[in-house]
Amino acid sequence: MAIKRRKISVIGGGFTGATTALMVAQKELGDVVLVDIPQMEGPTKGKALDMLEATPVIGIDSTIIGTSSYEDTKDSDVVVITAGIARKPGMSRDDLVNTNAGIMKAVTKEVVKYSPNCYIIVLTNPADAMTYTVFKESGFPKNRVMGQSGVLDTARFRTFVAQELNLSVEDITGFVLGGHGDDMVPLIRYSFAGGIPLEKLMPKERLDAIVERTRKGGGEIVGLLGNGSAYYAPAASLTQMVEAIIKDKKRILPTIAYLEGEYGYEDLYVGVPTILGGDGIEKIIELDLTEDEREALAKSVESVRNVMSALPE
Ligand SMILES: NC(=O)c1ccc[n+]([C@@H]2O[C@H](COP(=O)([O-])OP(=O)(O)OC[C@H]3O[C@@H](n4cnc5c(N)ncnc54)[C@H](O)[C@@H]3O)[C@@H](O)[C@H]2O)c1
Ligand SMILES: O=C(O)C[C@H](O)C(=O)O
């Protein structure tokens with residue numbers, strides 16, 4: 001049988017969705033289908049056609065189509081969900097819960113109908129609760145439904161550390177645990193520059209300031225943009241997760257994953273270190289936490305649970 005190209009569908013053709021479609025295509029991870037609501041069909045087709053017309057220049061053979069019909073997503077290998085509303089200045093991600101939960105349910109029904117074997121990555125905010133909603137609606141096993149937050153939060157942390165130390169971003173590693181909110185938990189003890197613990201390279205006050213900026217990183221961009229939220233770094237983060245699955249890379253990446261006792265929590269989606277490969281979340285890695293880190297994680301989990309309690313039935 002002929003070997004087929006992979007198929008990646010991106011639901012929501014707005015800022016994050018369209019940027020993800022382009023980044024995924026640029027890496028030739030597969031053919032891309034960008035989906036939006038019928039009222040947005042023209043602009044979605046237009047964006048996809050514009051991207052397709054860039055492929056000869058870039059030198060890639062991925063196809064990109066825009067559509068409002070889920071039939072076009074049939075037999076996707078990976079589906080990325082970015083559909084929904086984004087926050088504006090003065091709002092928290094949690095203010096989006098009601099509108100976006102309804103959208104998650106509607107979208108998931110269609111995704112599952114046409115791609116019963118796919119892996120789903122959720123970006124829509126509030127991301128932990130939205131990933132939980134998609135998981136429940138899909139009926140998929142937990143390894144096939146995950147959310148994006150930690151790759152982005154860690155990328156922000158790595159950027160700020162690299163700037164501070166005037167080092168390559170490539171040499172900085174970090175870890176962010178917990179929910180995708182302002183009380184996320186950057187784990188300094190597990191963060192390094194070229195293998196050297198960050199605590200040995202920077203005074204505590206500077207590290208604390210970077211942690212604080214990372215926690216509020218989404219809000220910093222929302223404040224600057226004025227009418228929407230970040231999309232380049234979120235799309236790059238999604239693309240890294242798609243690549244880890246499509247290429248079975250077995251990367252250690254922070255992922256919003258379903259917990260069944262790990263870190264002491266049950267029936268909850270929250271950010272934890274995972275191994276991401278050809279079977280989605282192949283493993284959750286449990287790190288030893290200090291008392292302070294455990295408390296910080298508990299606070300972040302409490303915020304996620306609060307949002308979940310506002311989820312419509
Ligand atoms: N988890 C993260 O790290 C992270 C990062 C960035 C953005 N986000 C979230 O991602 C979401 C999208 O952000 P954006 O900047 O792309 O917003 P956007 O407004 O640019 O795009 C959203 C798109 O979703 C579409 N949409 C709405 N309902 C739909 C439905 N039922 N089916 C298909 N498409 C539908 C809209 O028409 C729009 O084109 C927001 O909730 C935002 O908060 C999360
Ligand atoms: O902050 C937001 O509302 C968008 C996203 O979650 C981000 O962190 O950039």
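Residues numbered from 1 in each chain as written. Chains lettered and ligands numbered in written order. Predicted model: local features only at pLDDT ≥ 70, side-chain atom pairs only at ≥ 80, totals over all residues. Heavy atoms only, no water.

- The protein is annotated in an unreviewed UniProt entry as Malate dehydrogenase from Halalkalibacter suaedae.
- We quote the UniProt Function (unreviewed entry) comment for the protein here in full: "Catalyzes the reversible oxidation of malate to oxaloacetate." (UniProt positions renumbered as here; feature names shortened; annotations may be inferred.)

Side note on the packing of helix H4 (residues 97-114) against helix H5 (residues 127-138)
And step 1. Here H4 crosses H5 at 35 degrees, and the two axes come no closer than 9 Å. Considering the relative orientation of H4 and H5, their crossing is right-handed. Listed contacts from H5 to Val-97, Asn-100, Ala-101, Met-104, Lys-105, Thr-108, Lys-109 and Val-112 of H4 are Met-130, Thr-133, Val-134, Glu-137 and Ser-138.
And step 2. Here the residues of the contact of H4 with H5 sort into six nonpolar, four polar and three charged. (Axes fitted to C-alpha atoms, helices over the stretch in contact; angles between N-to-C directions. Helix = DSSP H or I, 4+ residues; strand = E, 2+ residues; numbered from the N terminus. Left-handed = near helix turned anticlockwise from the far one by under 90°. Contact = heavy atoms within 4.5 Å. Nonpolar A, V, L, I, M, F, W, Y, C, P; charged D, E, K, R; others polar.)

Re the packing of aromatic side chains
And step 1. Scanning all chains against the criterion turns up five aromatic pairs.
And step 2. Here Phe-135 and Tyr-269 contribute two aromatic rings whose centre-to-centre distance is 5.4 Å and whose plane-to-plane angle is 65 degrees, an arrangement assigned as edge-to-face. Taken together, the residues Phe-135 in helix H5 and Tyr-269 in strand E13 (residues 266-277) connect sequence positions 134 residues apart.
And step 3. Judged by its relative accessible area of 12%, Phe-135 is buried.
And step 4. Taken together, a centroid distance of 5.3 Å and an interplanar angle of 50 degrees make the contact between Tyr-258 and Tyr-269 tilted. In this pair, Tyr-258 is assigned in strand E12 (residues 251-260) and Tyr-269 in strand E13, connecting sequence segments 11 residues apart.
And step 5. Tyr-258 gets classed as buried once you look at its relative accessible area, which sits at 9%.
And step 6. Members of the aromatic cluster, connected to one another through ring pairs, are Phe-15, Tyr-231 and Tyr-232.
And step 7. Sitting above the plane of the Phe-140 ring, Arg-144 keeps its charged end 4.2 Å from the centroid. (Phe/Tyr/Trp six-rings, centres within 6.5 Å; stacked < 30°, edge-to-face > 60°. Buried < 20%, exposed > 50% of the residue type's maximum accessible area, 1.4 Å probe, protein only. Lys NZ or Arg CZ within 6 Å of the ring centre and 35° of its normal.)

Examining the site of ligand 2
And step 1. Around ligand 2, the structure places Arg-87, Arg-93, Asn-125, Leu-152, Arg-156, His-180, Gly-218, Ser-229 and Ala-230.
And step 2. At 2.6 Å from an oxygen atom of ligand 2 is found a side-chain nitrogen or oxygen belonging to His-180.
And step 3. Here ligand 2, which alone exposes 260 Å², has 94% of that area covered by the protein.
And step 4. Residue composition of the shell around ligand 2, by class: two nonpolar, four polar and three charged. (Near = heavy atom within 4 Å. Polar contact = N/O pair within 3.5 Å; in protein donor to acceptor, adjacent residues only side chain to side chain. Areas by Shrake-Rupley, 256 points an atom, 1.4 Å probe, with all protein chains shown as cover.)

A closer look at the environment of Glu-243
And step 1. Tracing the chain through its elements places Glu-243 in helix H9 (residues 232-246).
And step 2. Glu-243 sits in the buried class, given a relative accessible area of 10%.
And step 3. Apart from residues no more than four positions distant in its own chain, Glu-243 is found in contact with Lys-27, Leu-29, Asp-248 and Lys-249.

Focus: the nonpolar core
And step 1. Counting residues in each nonpolar core, the largest one holds 77 residues, and the members touching the most others are Ile-11, Val-78 and Tyr-263.
And step 2. Setting aside chain neighbours within four positions, we find Tyr-263 in contact with Leu-177, Val-272, Pro-273, Ile-284, Ile-285, Glu-286, Leu-287, Leu-289 and Leu-297.
And step 3. Judged by nonpolar contacts, the second largest core, of 12 residues, contains Phe-157, Val-161, Ile-172 and Ala-193. (Core = buried A, V, L, I, M, F, W, Y, C linked by side-chain atoms within 4.5 Å.)

Remarks on the UniProt feature "modified residue: Phosphoserine" (unreviewed entry) in the protein
And step 1. According to UniProt, the positions carrying the feature "modified residue: Phosphoserine" (unreviewed entry) are Ser-149.
And step 2. Positionally, Ser-149 belongs in the loop between strand E6 (145-147) and helix H6 (150-165).
And step 3. Overall, Ser-149 belongs to the buried group, its relative accessible area being 2%.
And step 4. Leaving out residues up to four positions away in the same chain, Ser-149 has contacts with His-180 and Ile-256.

Observations regarding the site of ligand 1
And step 1. Near ligand 1 there are 28 residues, and of these Phe-15, Thr-16, Asp-36, Ile-85 and Leu-123 occur at the shortest range.
And step 2. At 2.8 Å, a backbone N or O of Phe-15 approaches an oxygen atom of ligand 1.
And step 3. In this structure, Thr-16 approaches ligand 1 through a side-chain N or O atom, which is 2.6 Å from an oxygen atom.
And step 4. Contact with the protein chains removes 86% of the 860 Å² of surface that ligand 1 exposes when unbound.
And step 5. Elements with a minimum of two residues in the shell around ligand 1: helix H1 (15-26) and H4.
And step 6. Of all the elements, H4 adds the most residues to the shell around ligand 1, at three residues.
And step 7. Here the residues of the shell around ligand 1 sort into 16 nonpolar, 11 polar and one charged.

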